[in-house]
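Per-entry structural report
These are the residues of each chain, in order.
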Amino acid sequence: MARGELADGERLPSIRQLAADLGVNVHTVHRAYDQLRQEGFLRVLGRSGAVVRHPAATEEPPELPAEWERQARQLLDEARARGFPRTQILTRLGELMDG
């Protein structure tokens with residue numbers, strides 16, 4: 001989803017199927033699907049499964065989780081401590097976001 005490879009409305013594998021495909025516990029996939037639903041990236045259609053949901057550009061973007069901000073600050077502090085210039089950090093972040 002993050003890379004834009006799944007279209008809005010595209011049906012996802014069932015929790016059991018994805019767990020089997022990945023070789024992980026069903027509860028792990030259930031938690032992941034639930035988190036994606038809470039963050040607005042999935043619509044759950046009852047027993048018929050889940051579909052991808054790309055928030056509309058007109059929607060107000062959700063707040064970034066505090067944990068993400070903490071991790072980002074930690075990485076940026078480390079980059080600055082190692083002497084990376086701001087422009088290099090920003091350029092690389094842009095490249096990473098673009099794919």
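Cut-offs and rules
- Residues numbered from 1 in each chain as written.
- Predicted model: local features only at pLDDT ≥ 70, side-chain atom pairs only at ≥ 80, totals over all residues.
- Heavy atoms only, no water.
- 1 Å grid on protein atoms, 1.4 Å probe; cavity = no way out; pocket = protein on both sides within 12 Å on 5 of 7 lines; lining within 4 Å.
- Points joined across faces, edges and corners; volume = space filled by probe spheres on them.
- Helix = DSSP H or I, 4+ residues; strand = E, 2+ residues; numbered from the N terminus.
- Nonpolar A, V, L, I, M, F, W, Y, C, P; charged D, E, K, R; others polar.
- Core = buried A, V, L, I, M, F, W, Y, C linked by side-chain atoms within 4.5 Å.
- Buried < 20%, exposed > 50% of the residue type's maximum accessible area, 1.4 Å probe, protein only.
- Contact = heavy atoms within 4.5 Å.
- pLDDT = per-residue confidence, 0-100.

Let's talk about the layout of surface pockets
The volume enclosed by the largest pocket comes to roughly 1100 Å³. What lines the largest pocket is a set of 26 residues, among which Trp-68, Ala-72, Leu-93, Leu-96 and Met-97 lie closest to the centre. Going through the elements one at a time, helix 3 (66-81) and helix 4 (86-98) are the ones with two or more residues in the lining of the largest pocket. Element by element, the count of residues in the lining of the largest pocket is highest for helix 3, at eight residues. Looking at the lining of the largest pocket residue by residue, the class counts come to 17 nonpolar, three polar and six charged. Volume-wise, the second largest pocket comes out at about 290 Å³. Taken together, Pro-13, Ser-14, Ile-15, His-30, Tyr-33, Asp-34, Arg-37, Val-44, Gly-46, Arg-47, Gly-49 and Ala-50 make up the full set of residues lining the second largest pocket. Looking at the lining of the second largest pocket, the element that brings in the most residues is helix 2 (residues 26-38), giving four residues. Of the residues belonging to the lining of the second largest pocket, the class tally is five nonpolar, four polar and three charged.

Comments concerning the nonpolar core
With seven residues, the main nonpolar core is built from Leu-12, Ala-19, Val-29, Tyr-33, Leu-42, Ala-50 and Val-52. If we ignore the near neighbours within four places in the chain, the residues touching Ala-19 are Val-24, Asn-25, Val-26 and Val-29.

Here's the deal with the confidence of the model for the protein
Looking at the protein, the pLDDT average stands at 87 and 93% of residues meet or exceed 70. For the protein, the element scoring lowest by mean pLDDT is strand 1 (residues 42-44), at 86; helix 1 (residues 15-22) scores highest, at 93.

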